[in-house]
Amino acid sequence: MLTLPIALHNAISDALSSVPTARWEREAQGVSERYRAQRVGGEAPLVRGRDQALGYAAIILPATYAQVLGACAAAGARIPNWQPSSLLDLGSGPGTALWAAYEQWPSIERMVAWEREPALITLGRELAQHGPISIQQARWERHDLTASSDDGPRYDVVVLAHVLNELSQPVREKVLRSAWQRTNGLLLIIEPGTSAAFTIVRAAREYLITQDGYTIAPCPHNAACPLTNDWCHFPQRLERPEFQRRVRAAPSAWEDAKFSYAAMARFAPALPITGRIIREPAQTKGYIETHMCTPAGIQTQHALKRDREAFRAARKREWGEVE
C-alpha cells in the first residue's frame, strides 16, 4: 500500500482549506461524475475554474498518483539502472505525474508540464512549491495537445496519463505520434482500468511497436497482445487521504486504484521476465488458479491443494507480479 507524499498531501489540504468545505465537496462530486462518464473528444473540459480544480485534487488526484506510480514502478523494475534526468508530462492536470515520476526516479532534474486549463496550472504550481526542488522548478506551459506539433526538445520520460481516452481517434493518433517523437527514452501511457481504456492502450502499444518501440511493462514480450475477448488491468493499493475519504463518504481507509498501461521505450528492457500475473489469483477448495501473460501466450496455472508447497507459494502470489 502506498500513500501520497506528505508534502503533497499537506499542500492539497492547505489549498482545500482556502474555500468553504461544502464548496469543494460539491465540486468534487461534479468532477467525479464527469470523469466517470464516457469521453470521446469534443466534451467540455473536465475542470474549469479554481473550485473545480480543488475538487479534482480532492477526489481524482490520489488515485491518479497511485496509478502513475504503479506504472513507473513496474517499468523501473525492468530497467533498474536507468537514471532519467528529464520529463515531459502531457496533459498534466495539477502535476500529479511530476510527483509520481520523481518518487520512482529522483534523478529527474528537469520537468516540463503541459496543461490546457489555467486553473489546473495555477493549482499545480502552488502544490509544486511544497515539493522537491525539481518539482518546484518545473516549467509549466499552457498547451492544447490537439494542436501540438511533432517538433521540439526530447525528454527521457514522457507521460500521457488519462489523456488518450478523452480524445477522438484521429486526434488520439496525432497526440500519440507527437509524444513518441518527443520521447528520448521511455513513454508511459496510463489510462483507467476499464475494458474501453485497455483497447486504447493496446492500440497505442501496437502502433509504437511498429515505430521500433520496446515494451518495458506490463507485457513480458514485444509481440502482439495475446488476449482475445478479454482485457488486462492492474491494481495499485492506496491509503486514502482524509479529504478523499470525506468527499467519497468512503468507510474503507484504502482503495485499489485500477489502471491499464503501457511503458514503451526506445531501448530494450535490461531484465527479462517469463510472465506477469494479469488478474487476481482465484482460490477454490481444491486449487489456486493463476493467469499469466507469457511470451508463449496466456497460460493458466493450477496449484493443487494436495501439493502443499506449491499451494502455499501460490497463495502468496499477487496480481501484477512477475516471474
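Look up: the structure comes first, before these words.
Residues numbered from 1 in each chain as written. Predicted model: local features only at pLDDT ≥ 70, side-chain atom pairs only at ≥ 80, totals over all residues. Heavy atoms only, no water.

Novice: Hey, could you go over the packing of aromatic side chains for me, with residue numbers and the actual values?
Specialist: A complete count under the given rule lists 4 aromatic pairs for this structure. Ring centres of Phe234 and Tyr261 lie 5.8 Å apart, and the angle between their planes is 65°; this geometry places the pair in the edge-to-face category. Within this pair, whereas Phe234 is found in strand 7 (residues 234-239), its partner Tyr261 is found in strand 8 (residues 254-265), the two being separated by 27 residues in sequence. Like Tyr261, Phe234 is buried. Members of the aromatic cluster, each reached through a chain of ring pairs, are Trp82, Trp105 and Phe267. Lying over the aromatic face of Trp254, Arg237 brings its terminal NZ or CZ to 3.6 Å of the ring centre. Against the face of Trp180 rests Arg266, its NZ or CZ located 4.1 Å from the ring centre. (Phe/Tyr/Trp six-rings, centres within 6.5 Å; stacked < 30°, edge-to-face > 60°. Helix = DSSP H or I, 4+ residues; strand = E, 2+ residues; numbered from the N terminus. Buried < 20%, exposed > 50% of the residue type's maximum accessible area, 1.4 Å probe, protein only. Lys NZ or Arg CZ within 6 Å of the ring centre and 35° of its normal.)

Novice: Could you give an account of helix 8 (residues 169-181), with specific residues and numbers?
Specialist: Structurally, the α-helix is built with 3.6 residues per turn, so residues lying three or four positions apart point the same way. With 13 residues, helix 8 extends 18 Å from end C-alpha to end C-alpha; this agrees with the ideal 18 Å at 1.5 Å per step. Here helix 8 has its buried residues at Arg172, Val175, Leu176, Ser178, Ala179 and Trp180. Next to the buried residues of helix 8 lie strand 1 (86-90), strand 4 (155-161), strand 5 (183-192), helix 9 (195-210) and strand 8. (Expected span 1.5 Å × (residues − 1). Contact = heavy atoms within 4.5 Å.)

Novice: I'd like to hear about the environment of Pro153, residue by residue, with values.
Specialist: The topology assignment puts Pro153 in the loop between strand 3 (139-142) and strand 4. Pro153 sits in the partly exposed class, given a relative accessible area of 45%. In the structure, Pro153 is positioned 124 residues away from Gln29 in sequence and 38 Å away in space, judged by C-alpha atoms.

Novice: Now, about the nonpolar core: what can you tell me, with residues and values included?
Specialist: Among the nonpolar cores identified, the biggest contains 74 residues, and Ile12, Leu186, Leu188 and Ile190 are the most heavily contacted of them. Broken down by element, this core gets its largest block of residues, 10 residues, from helix 4 (residues 61-78). Residues contacting Ile190, with those up to four places away along its chain left out, are Gln67, Val68, Ala71, Val159, Leu160, Ala161, His162, Phe259, Ser260 and Tyr261. Tyr155, Val158, Leu187 and Ala262 belong to the second largest nonpolar core, which has 23 residues in total. (Core = buried A, V, L, I, M, F, W, Y, C linked by side-chain atoms within 4.5 Å.)

Novice: Lay out the pattern of salt bridges with the relevant residues and their values.
Specialist: Scanning the entire structure with this criterion turns up 10 salt bridges. Between Arg50 and Glu126 there is a salt bridge, with its nearest N and O atoms 3.0 Å apart. Note that Arg50 is positioned in helix 3 (residues 49-59) and Glu126 in helix 6 (residues 118-128), a separation of 76 residues in sequence. Taking the relative accessible area as the measure of exposure, Arg50 reaches 30% and is therefore partly exposed. Glu117 serves as the salt-bridge partner of Arg116, at 3.0 Å between the closest nitrogen and oxygen. Taking relative accessible area as the criterion, Arg116 reaches 37% and is therefore assigned partly exposed. Glu117 sits in the buried class, given a relative accessible area of 11%. (Salt bridge = Lys/Arg side-chain N within 4 Å of Asp/Glu carboxyl O.)

Novice: Could you give an account of helix 9, naming the residues involved and the relevant values?
Specialist: Taking 1.5 Å of rise per residue, the 16 residues of helix 9 would be expected to cover 22 Å, and the 23 Å separating its terminal C-alpha atoms lies within 8% of that figure. By the burial criterion, the buried members of helix 9 are Ala197, Phe198, Ile200, Val201, Ala204, Arg205 and Leu208. Angularly, the buried residues of helix 9 cover 160° about the axis, an arc narrow enough to put them on a single face. Structural note: helix 9 exposes Ala196 and Thr210 on the side pointing more than 90 degrees away from its buried face. The first or second residue beyond helix 9 is Asp212, which carries a positive phi of 70°. (Arc of directions from axis to C-beta.)

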